[in-house]
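The chain contents come next:
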Amino acid sequence: FNRIPKGMENFQCSQLVHRKPFHENEHRIISAGLQIFADVIESTKITQNDIAEAYEFYKDFRASVGGLTEYPWPMQMFQQIVDEYDGRLPIVITGLPDGFAHYVGEPSVQIWTDAPGMGELVGWIESELLPYIWTTSVVATRGRIRKDKFFKIYREIYPSITSDIDLQNIFLYKFHDFGRRGGANSMLTGYAHLINWPGTDTCDSAYYVKKYLNNNEHFGACSIPAMAHRTVTPWVSEYEAYDNMIELYGDDLVSIVADSYDFYNGCDYLASKANLFKEKGGVLIVRPDSGDPLDCIIYALNRLDEKFGSTTQDVGLKIINGAAVIQGDGVSDEDIFERLIPEIIAHGYCPSNVAFGMGQHNHKALRSDLETAYKTCCVGNDKFDRDLILSNDNLDDDFTVPVMKGANSAFKRSYPTPVAFDHLVTLDNRFASKSRIQSIGYRQLNSNDIGIFHEYYNYKKEITSRVKFSETQKYAFETWNSLDNQAPKNCGNISQIILRQQERYMITQIDNKPL
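Here the structure is a predicted model, which is why all the values come from computation and not from measurement. (Residues numbered from 1 in each chain as written. Predicted model: local features only at pLDDT ≥ 70, side-chain atom pairs only at ≥ 80, totals over all residues. Heavy atoms only, no water.)

(A) Quick look at helix 8 (residues 203-213). If you check which residues of helix 8 are buried, you get S205, A206, Y208, V209 and L213. Taken around the axis of helix 8, the buried residues stretch over an arc of 165°, which confines them to a single face. Residues of helix 8 that are buried make contact with helix 1 (34-43), helix 7 (186-194) and helix 20 (469-481). (Buried < 20%, exposed > 50% of the residue type's maximum accessible area, 1.4 Å probe, protein only. Helix = DSSP H or I, 4+ residues; strand = E, 2+ residues; numbered from the N terminus. Arc of directions from axis to C-beta. Contact = heavy atoms within 4.5 Å.)

As structure tokens, then:
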């Protein structure tokens, strides 16, 4: 603790903020990953053996002019955790409920401790925390933006449907996670996909979410029997492989990859089985996996339409009876919305005839996508005494010190205060009279008077309430629509008190510069 001022070891509060919009026309972000992180912290117990192993590791980790020497690390702090807290990390983790939409620049996570000697633990967990949050928030936000684009298309072709729920039900399973092998951390990114889209082949994510995040209750995640090339090519002919698959699963949804040798021949053969599928009552889903995606999709739709027949929907687009296409090769969001769906409609087919599977691009995430940062906002001073503060009114300022990272960009300035998050300001359109992000003191923080922020973990409590995943899905659907796509101008979502605190803090720092 020789690198921090006295008192900071007894109280510290830090906040996580996404500081960059997803793109210039979209400032909304979906919160995600905090319940999983809190579960990790809840299940973590530091042991004496951990400390011994850490000591052995750090004793020759520091590079110095004299060679490798012992690296400075807070061994005493971790020993205190073992001795006084039975290995549990003495911190409090709060944040927006997973799935909640918020604006870039708004704190979505707030972590603090007032346990004596434990202040630096709040900073120590930064490297563990951030990957859980930025990874999942990037994928969940991209998934929600994608859903908006589907909504826009389907509103135009189904003008008679006014309910968002009813409209979503038409396309909810038209985007599928193909990415178990395409993501470096696919359990996390697969979970983030499920916040907006229930179709998935990333079964470990679906399993984890159902068992650990949703009380072992079904929440919509599913897939269907599907052929891969390895279940086609070992047969004497691909047609025998197709016939076997139809025999096994032709009475329900079944996906058959048709390009092991020649997609057009494979597609023709599968389309010729229309009467068999009608007899069985199943639905054939043809999957191209090579070639030009648009050519393959249109060819398949035409062949399936010839053999299976079709009906028309609201605006006269064809919906094929008992057959469809799923395109997973060479697919990006740009391909889907700028090329494939427009051409599907231009050829007279409803886009509901085609589902899209996405692998690597669906799971792709970088911290720089949202420029996620974790900054200290408030610390104790050399007089900090939690019992004295809690027993007297208006003593916060006498015992705590505001901390701030300055920046020219409003999105990148951290907040020199703990905050409460009032989401109802947006829902009631009351920005003029009150702001979403409110400054609070230590007493409010300690009493959990923090607005919509959820308390995920509290070392003072044996059990904290959980954010159920079905609620996460609901939040992502509803709260996104409650926000404009642009953050309020002139930091209108941030309390004027906080803005003045930022100004005063920067002036103070400038005045304190050495001559």
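(B) Inspection of the sheet that holds strand 1 (residues 12-18) at higher detail. Read across the open sheet, the six strands follow the order 16-15-1-7-5-19; overall the sheet is antiparallel. Every other strand in the sheet has two partners, leaving strand 16 (400-402) and strand 19 (454-458) as the edge strands with one partner each. Taken over all neighbouring pairs, the strand axes of this sheet differ in orientation by 20° on average, direction set aside. As paired elements, strand 15 (residues 372-380) and strand 16 share three bridges and run antiparallel to each other. (Pairing = 2+ DSSP bridges. Axes fitted to C-alpha atoms, helices over the stretch in contact; angles between N-to-C directions.)

(C) Layout of empty space enclosed by the protein. This structure, assessed with the given rule, holds three cavities of 30 Å³ or more. In this model, the largest cavity occupies a volume close to 60 Å³. Lining the largest cavity are Q15, L16, V17, R19, A373, Y374, K375, F411, K412, R413, S414 and Y415. Secondary structure elements with two or more residues in the lining of the largest cavity: strand 1 and strand 15. A class-by-class count of the residues in the lining of the largest cavity yields six nonpolar, two polar and four charged. (1 Å grid on protein atoms, 1.4 Å probe; cavity = no way out; pocket = protein on both sides within 12 Å on 5 of 7 lines; lining within 4 Å. Points joined across faces, edges and corners; volume = space filled by probe spheres on them. Nonpolar A, V, L, I, M, F, W, Y, C, P; charged D, E, K, R; others polar.)

(D) Quick look at the side chain of H27. Among the secondary structure elements, H27 is positioned in the loop between strand 1 and strand 2 (28-30). A relative accessible area of 10% places H27 in the buried class. Reaching out from H27, the side chain makes a polar contact with the backbone nitrogen of A487 at a distance of 3.0 Å. Ignoring anything within four residues of it in the chain, the contact list for H27 reads P21, H102, Y103, V104, F411, N485, Q486 and A487. (Polar contact = N/O pair within 3.5 Å; in protein donor to acceptor, adjacent residues only side chain to side chain.)

(E) Local environment of helix 7. Where burial is concerned, most of helix 7 is hidden: eight out of the nine residues are buried. Listed in full, the buried residues belonging to helix 7 are S186, L188, T189, G190, Y191, A192, H193 and L194.

(F) Quick peek at the sheet that holds strand 14 (residues 354-358). Reading across the sheet, the five strands line up as 8-14-13-10-9 and stay open at both edges, with parallel pairing between neighbours. Whereas interior strands pair on both sides, the edge strands pair on one side only; in this sheet they are strand 8 (175-177) and strand 9 (253-257). Here the average twist between neighbouring strands, direction ignored, is 25°.

(G) View of the layout of surface pockets. If you add up the space inside the largest pocket, you get close to 1200 Å³. Around the largest pocket, the lining comprises 43 residues; the ones closest to its centre are H176, F178, D201, R287 and I326. At the level of elements, strand 9, strand 10 (283-287), strand 12 (318-320), strand 13 (323-327), strand 14 and helix 14 (360-363) are the ones that each hand at least two residues to the lining of the largest pocket. Tallying contributions element by element places strand 13 first for the lining of the largest pocket, with four residues. Split into classes, the residues belonging to the lining of the largest pocket amount to 20 nonpolar, 15 polar and eight charged.

(H) Highlighting the state of the cysteines. Counted according to the given criterion, the structure contains zero disulfides. Sulfur of C13: no disulfide; nearest cysteine sulfur belongs to C377 and is 3.5 Å away. For C13, a relative accessible area of 0% puts it in the buried group. The buried category is assigned to C377, whose relative accessible area is 0%. (Disulfide = S-S within 2.5 Å.)

(I) Spotlight on unusual backbone geometry. The phi dihedral of D86 falls on the positive side, at around 55°, and the residue is not glycine. For D86, a relative accessible area of 53% gives the class exposed. Of note in the backbone geometry, E371 takes a positive phi value of approximately 50° without being a glycine. Here E371 lies in the loop between helix 15 (367-370) and strand 15.

(J) Up close: the packing of aromatic side chains. Counted under the stated rule, the structure contains 35 aromatic pairs. Pairing Y85 with Y459 gives two aromatic rings, centres 5.9 Å apart and planes at 80°, and the pair type is edge-to-face. Placement of the pair is Y85 in helix 3 (residues 75-85) and Y459 in the loop between strand 19 and helix 20, with a sequence separation of 374 residues. Of the residues examined, Y85 reaches a relative accessible area of 19% and is grouped as buried. Relative to Y158, the ring of Y154 has its centre 6.3 Å away and its plane inclined at 0°; by these criteria the two rings are stacked. Taking the relative accessible area as the measure of exposure, Y154 reaches 0% and is therefore buried. The structure contains a cluster of three or more aromatic residues connected by ring pairs, namely F150, F151, Y154, Y158, F171, F175, W197, F337 and F477. A cation over an aromatic ring shows up here: R303 above the ring of Y299, its NZ or CZ 4.7 Å from the ring centre. (Phe/Tyr/Trp six-rings, centres within 6.5 Å; stacked < 30°, edge-to-face > 60°. Lys NZ or Arg CZ within 6 Å of the ring centre and 35° of its normal.)

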